[in-house]
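Coordinate analysis (summary)
As a plain string of letters, each chain reads:
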Amino acid sequence: MPEDDTQPSGSGPSPELEPKLQCRNLWKVYGAQPESWFRDPKALNDPAALASRMREKNLIPAAVDVNFDVAQGEIFVIMGLSGSGKSTVLRCLSRLVEPTFGEVLLDGEDLLRKSARELIEIRRHKMGMVFQNFGLMPHLNVIENVTFPLTLQGMPEKERRKRVENVISLVGLEGREDSYPHQLSGGQQQRVGIARSLAVEPELWLLDEPFSALDPMIRRQMQDEFLHIQSTLKKSIIFITHDFLEALRIADRIMLMRDGMVVQIGRPVDLITNPADSYVAEFTRDVPLVRVMTAADALAPGATQQPSAGQPEVAATATLEDLLPQLAGRYDALAVRKGDRIIGQVTPESLIDALAKRTAAHGAAMDEDGSETAKDSA
Amino acid sequence: MKGIRQLASGGPAWGALIAATLVLLVLREAAPWMIRFPEGWTVPLTPWLNSGMNWVISVFGTYFQAFSDLLSVLMRWIRDGINSLPWAVIVSLVVFVAYVVSGWRLAIFSFAAMFYMVLIGFWTEAMNSLALVALSVPLAVVIGFFTGTLGFANDRADRIIRPTMDMMQTIPAFAYLLPILLLFGFGPVVGLIASLLYAVPPMVRNTTLGLRNVDAEIIEAGRMAGATNSQLFWRVRVPSAMRQILLGVNQTTMAAFSMVIIASIIGGTADIGWEVLKSIRRALFGESLLLGLVIALMAMVMDRLTAQIAARDTSGPEGLVGGARPRTLWLSALVLAVAVAALAQVLPFLREYPAAWEFYPADQLNAGIEYVVTEFAATINYIKQVAFFFVMLPVKVGFEQTITPFSWGFAFTDTLKTGYGVLVLALAALSWWRGSWRRAALVMFFGIMLFVGISGMPWPTLIAMATLLAYQTGGRRLALGMAAGLGFLLLAGVWEEAMLSLYLCGLAVLICLLVGGALGILAAESDAVSVALRPFNDALQTMPLFVILIPFVMIFKIGEFTALLAIIAYAIVPSIRYTEHGIRSVSKEVIEAATASGCTPWQLLWRVKLPLAAPVILLGLNQTIMYAIAMLVIAALVGTSDLGQRVYIGLGDGDFGVGIVAGVGMAIIAMLADRMTQAMGGDRM
Ligand SMILES: Nc1ncnc2c1ncn2[C@@H]1O[C@H](COP(=O)(O)OP(=O)(O)OP(=O)(O)O)[C@@H](O)[C@H]1O
Ligand SMILES: [Mg+2]
């Protein structure tokens, strides 16, 4: 697995702060008496072997030794095929599903040791969740749905109203306050779901395939709005999606899962250009590299730090796709700026070089793994 | 063991049983006990049950009596309350509710229905029935809700509750009345308690179902909102399940009303059911039509009102006309009631409808019916005779006794008998030769049965065949259940009546399946037919069972044929509905694919649509059987000689044992039929 030690350029998690959420050796096993498998600490040394022994005994290990951190303000995306355990992991974090083993630290405190009462308080103030099929109460109208969590807390009417007005306008549902869920389109319903989850002003925001039930146009629009909301609120977010392009647009980091196990964690570009194995490569195969790689990924080696006169500048986070029109004929090189400093330049050669290298790496990962599996089956 | 299993799963077992039947039939002169189970061999269940009941009464009687008194007081209050209100107040309140939940059309319909009761001068009787419903429904709803919640929350409780509810609904209505009568004493309370018992199960079922089916994400959303367990239940789960729960209220109301009407058979209630029954017994058909219409209208109004409330629920108050808030509505209702009451002080006819303004055309109707019946006497008689001699009697007592010069115009000579035998054998052989031993067995069975009649079949092989069939469709457990159930009927000494029930019910179900199936197919193919059939189906389903009898008794008088028709009329509805639904839900793509590969419309129906719709149609068959059995008891009123009649006799004589044995017998038949059809569907559904 490629280490995620190179600090991502651009909008990565800031290293100084303690992670908002830490997930340590998290297991969720469905079946009869799953706890008994964790009595022997040595067994945990090889989680994959333990999981396959469980499967032989007809247990379902839905999350297998999952480890990750989510930084303050980070958008952390979980991906994987259907049944790979994404929802299970997400629900373990809020204890909607009771984990079988492991630790979940929110602001350094272990959630799994909280009493039922404390947990309710945490859900009432620190967490918000958005569901794939919205999970709206059919008997409540928009306002009542959004207020619902606040009503449960017994918050005074006045304060409630102020907060709700805010989130309703944030998600753009003004004018629909008195409608009932069945009178709204899917996109509008999900706005209600988002507003409801934001009404408690959560610090940790969990979204389980929030846009999967929407059609592509609406989905894109909702993604934009989601990013817009995040740019003002700066929540710590865990977001599940099936759609790699969606992940590309929003993710700071992506965690890819298979059969309950974490396969790779990294920036979107790392997953594409440095796939851990053929599964990851397969997953990212259709993603156009030019949209993922940035100017910073294609610097010409040994280039001067100083721009020559008249040379245009581009941001380090600009995608290669953005650079193409400028490099196609008009300029020989573009200066790449990161913050207040020029970090190098991109030339047509360096761009092609970078693309070629990454494509080769990608192909190699797939081939290598492919031949391995071929050998296995022989 | 393995050998037995193999034998039991194939054709040879059938061959052996059919051969055994033939042997027994040849020997029947010598050993009549094979046809008629000797009385000396039966278990004296009836006296045991009676002494058991006496013991219960002597020990717990006072408690039951106290409970009964409590209910009586409550009921008197409600009854007096309703009776003290001017009719105009009640009518306007009902109309108001109808308008609020649904709109003008239902409001107008409710007004017409209620005013009809006033117009013919049976307002008080109708309100006495309503008072019973008004008390039993809320009680049933509360009891049913909590029982249903228990079933939802606790799997072990559910495993007990579910079969109990099944039992409560399959025991025929009349059979309830007697134990209640004995325990709680004579009077309207009997109707109340009976309707309570009968109305609870749908509430329980719908509550459990509704609570269970709440979308998992909604529950998760509730938990993420920080709901405590009780908040989660009362503020998330129950409201989300409300639609299903209100559907339960609708079904509960209809069940309660239907039982209130049935319970009036014990009399002393001065309600509308009693009036109808009185007029049927005196063969006053004009009266029974007019009064039956009251019941039918009451049922329809109640059904539409409660169904509308259930249908609009999830959309919240905005579904109400004018989008008014509940509080405003309560207030408006109160104001309306007070205003109308005040008006009634000024205009006395709003309080007591003057007798002189009543319109009760019973005599004219009687004359009309009389005229029609005498005018078409020949035709009516002809229909009756044909059905009787050519369909009903052969099934009941066989060709052997049916074919006489008097009925068929010729005698069943030995030559003819031989010819019949050869024909049956030839048909069976043909089926065998075509490789279908199932069909051969079927031909042989019906060949024999039509010859000696269902009551002439030897019980040992009949039980063996039923058990074998159960084994082949549902496995060991069903076979055990079948043998035990039939064994009970035999030992309890009601075998003959059970066979007669089977005959009436089986014939009715067969006809329902054919006619209802055909109608269902037509309705599925043509929207016009579907639309035309719908009001009939709706009306027949909401109608209390009594009322269905009236038109048939009117034309065909008392007798088994009338009973058969009434059963068919009631039980045909599910056949039509499910067939239509099944065919209509065959996927469009499949039909297009079949059409594209060159199916003619006829082939499309037989080769594609019907096979694909089979599971749903089978479900309809199941419902048809249940409905037929429910109606069987009511049909006893018009003269049958089956288990239903015994239930009725037990009730009439106050003989608990007789009534309950017959009632349980019917429940056994119903449950066996239910499990059998479900098992048949099992490998297809
Ligand atoms: N309550 C349960 N009992 C038993 N097994 C379960 C339960 N819930 C989930 N699983 C199993 O756990 C595994 C992971 O399920 P999970 O819902 O987390 O997958 P997912 O990655 O979210 O899939 P999808 O993309 O379809 O939502 C699956 O194999 C599933 O069958
Ligand atoms: Mg999921």
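Residues numbered from 1 in each chain as written. Chains lettered and ligands numbered in written order. Predicted model: local features only at pLDDT ≥ 70, side-chain atom pairs only at ≥ 80, totals over all residues. Heavy atoms only, no water.

**Observations concerning the sheet that holds strand β3 (residues 75–80) of chain A**
In any sheet, the strands associate via hydrogen bonds between backbone groups, in a parallel or an antiparallel arrangement. Residue and element names in this part refer to chain A. An order of β6-β7-β8-β3-β9-β10 is seen for the six strands of this open sheet, with the pairing classed as mixed. Edge positions in the sheet fall to β6 (127–130) and β10 (261–266), since each of these pairs with one other strand and no more. The average undirected angle you get between the axes of adjacent strands in this sheet is 15°. Across five bridges, the pairing between strand β9 (residues 253–258) and β10 is antiparallel. The residue of β10 that forms the bridge with Met257 is Val262. (Pairing = 2+ DSSP bridges. Helix = DSSP H or I, 4+ residues; strand = E, 2+ residues; numbered from the N terminus. Axes fitted to C-alpha atoms, helices over the stretch in contact; angles between N-to-C directions.)

**Topic: the domain arrangement of chain B**
All names here are of chain B. In terms of domain boundaries, chain B breaks down into domain 1 (60–350) and domain 2 (494–685). Its C-alpha centre places domain 1 at a distance of 26 Å from the equivalent point of domain 2. Contact residues are listed per partner, giving 34 residues for domain 1 and 28 residues for domain 2. Carbon and sulfur atoms make up 87% of the surface buried where domain 1 meets domain 2, a total of about 2600 Å² over both sides. When the buried surface of domain 1 facing domain 2 is broken down by residue, Phe174, Leu178 and Phe285 rank first, second and third, together holding 23% of it. (Domains from an automatic or database assignment. Contact = heavy atoms within 4.5 Å. Buried area = accessible area lost by both parts, 1.4 Å probe.)

**Considerations on the nonpolar core**
Of all hydrophobic cores here, the largest spans 223 residues; its most connected members are Phe174 and Leu177 of chain B. Structurally, this core is a two-domain feature, drawing no fewer than three residues from each of domain 1 (60–350) and domain 2 (494–685) of chain B. Leu136, Phe226, Tyr279 and Val292 of chain A belong to the second-largest nonpolar core, a separate cluster that totals 64 residues. (Core = buried A, V, L, I, M, F, W, Y, C linked by side-chain atoms within 4.5 Å. Buried < 20%, exposed > 50% of the residue type's maximum accessible area, 1.4 Å probe, protein only.)

**A closer look at the packing of aromatic side chains**
Inspection of the entire model under this criterion finds 35 aromatic pairs over all chains. These aromatic residues form a ring-pair network of at least three members: Phe390, Phe399, Trp408, Phe410, Phe412, Tyr420 and Phe451 of chain B. When the ring centre of Tyr30 of chain A is taken as reference, the NZ or CZ atom of Lys28 of chain A above it lies at 5.1 Å. Positioned above the aromatic ring of Tyr279 of chain A, the side-chain terminus of Arg258 of chain A is 4.6 Å from the ring centre. (Phe/Tyr/Trp six-rings, centres within 6.5 Å; stacked < 30°, edge-to-face > 60°. Lys NZ or Arg CZ within 6 Å of the ring centre and 35° of its normal.)

**A closer look at the side chain of Ser129 of chain B**
All names here are of chain B. Structurally, Ser129 is set in helix α6 (residues 123–153). Of the polar contacts made by the side chain of Ser129, one reaches the side chain of Asp271; its length is 3.5 Å. Apart from residues no more than four positions distant in its own chain, Ser129 is found in contact with Val260, Ile261, Asp271, Ile272, Gly273 and Met298. (Polar contact = N/O pair within 3.5 Å; in protein donor to acceptor, adjacent residues only side chain to side chain.)

**Remarks on the sheet that holds strand β1 (residues 21–30) of chain A**
All names here are of chain A. Strands sit in the order β2-β1-β4-β5 across an open sheet of four strands; the sheet is antiparallel. Taken across any chain shown, the strands that pair with only one partner, and hence form the sheet edges, are β2 (60–70) and β5 (109–110). As paired elements, strand β4 (residues 101–106) and β5 share two bridges and run antiparallel to each other. Residue Leu105 lies in a different strand from β5, and its bridge partner there is Asp110. With respect to the sheet, helix α2 (residues 86–94) is in contact with β1, β2 and β4, its orientation differing from that of β1 by roughly 115°.

**Description of empty space enclosed by the protein**
Under the defined criterion, the tally for this structure stands at four cavities of 30 Å³ or more. One number sums up the size of the largest cavity: a volume of about 90 Å³. Every residue along the wall of the largest cavity is listed here: Arg123, Met127, Gly128, Met129, Phe131, Pro149, Arg196, Ser197 and Val200 of chain A together with Ala221, Met224 and Ala225 of chain B. Elements with a contribution of two residues or more to the lining of the largest cavity: β6 and α6 (186–199) of chain A together with α10 (216–224) of chain B. At three residues, the largest contribution of residues to the lining of the largest cavity is made by β6 of chain A. Its residues assigned to classes, the lining of the largest cavity shows eight nonpolar, two polar and two charged. Taken as a whole, the second largest cavity holds about 50 Å³ of empty space. Contributing to the lining of the second largest cavity are Ser501, Leu502, Cys505, Ile629, Leu632, Met666, Ile669 and Ala670 of chain B. Going through the elements one at a time, α23 (495–525), α28 (601–635) and α30 (656–682) of chain B are the ones with two or more residues in the lining of the second largest cavity. (1 Å grid on protein atoms, 1.4 Å probe; cavity = no way out; pocket = protein on both sides within 12 Å on 5 of 7 lines; lining within 4 Å. Points joined across faces, edges and corners; volume = space filled by probe spheres on them. Nonpolar A, V, L, I, M, F, W, Y, C, P; charged D, E, K, R; others polar.)

**Remarks on the site of ligand 1**
Residue and element names in this part refer to chain A. Neighbouring ligand 1 are 13 residues; Ser82, Gly83, Lys86, Ser87 and Thr88 lie closest to it. At a separation of 2.5 Å, an oxygen atom of ligand 1 approaches a polar side-chain atom of Ser82. Contact between ligand 1 and His242: an oxygen atom at 3.2 Å from a side-chain N or O atom of the residue. When isolated, ligand 1 has an accessible area of 630 Å², and the protein chains bury 61% of it. At the level of secondary structure, the elements contributing two or more residues to the shell around ligand 1 comprise β2 and α2. At three residues, α2 tops the list of elements feeding residues into the shell around ligand 1. Residue composition of the shell around ligand 1, grouped by class: four nonpolar, seven polar and two charged. (Near = heavy atom within 4 Å. Areas by Shrake-Rupley, 256 points an atom, 1.4 Å probe, with all protein chains shown as cover.)

**Observations regarding the confidence of the model for chain B**
For chain B, the average pLDDT comes to 86, and 96% of its residues sit at 70 or higher. Among the prediction metrics, the complex's ipTM stands at 0.81, with pTM recorded as 0.81. (pLDDT = per-residue confidence, 0-100.)

**Things to note about a nonpolar patch on the surface**
Taken together, the side chains of Leu343, Val346, Leu347, Phe349 and Trp357 of chain B define a hydrophobic patch exposed on the protein surface, amounting to about 470 Å² of accessible area. Mapped onto the elements, Leu347 of chain B comes out in the loop between α15 (326–346) and α16 (362–375). (Patch = residues over 30% accessible without salt bridge, like charges linked within 9 Å, V, L, I, M, F, W, Y side chains within 5 Å. Salt bridge = Lys/Arg side-chain N within 4 Å of Asp/Glu carboxyl O.)

**Remarks on helix α12 (residues 320–327) of chain A**
All names here are of chain A. Within the span of α12, buried status applies to Leu320, Leu323 and Leu327. Down the axis of α12, the sector holding all buried residues measures 55°, keeping them to one side. Count one or two residues on from α12 and you reach Gly329, which has phi positive near 105°. (Arc of directions from axis to C-beta.)

**Some thoughts on the state of the cysteines**
Following the criterion strictly, the structure yields zero disulfides over all chains and no others. Cys92 of chain A takes part in no disulfide bond, and the closest cysteine sulfur to it belongs to Cys23 of chain A, at a distance of 7.8 Å. (Disulfide = S-S within 2.5 Å.)

**Some thoughts on the interface of chain B and chain A**
Each side of the interface is counted separately: chain B has 22 residues, and chain A has 28 residues. Carbon and sulfur atoms make up 59% of the surface buried where chain B meets chain A, a total of about 2300 Å² over both sides. Connecting chain B to chain A are one salt bridge. Secondary structure elements with two or more residues in the side of chain B that touches chain A: α10 and α11 (229–240) of chain B. The element contributing the most residues to the side of chain B that touches chain A is α10 of chain B, with seven residues. Tallied by class, the residues present in the side of chain B that touches chain A amount to eight nonpolar, eight polar and six charged.

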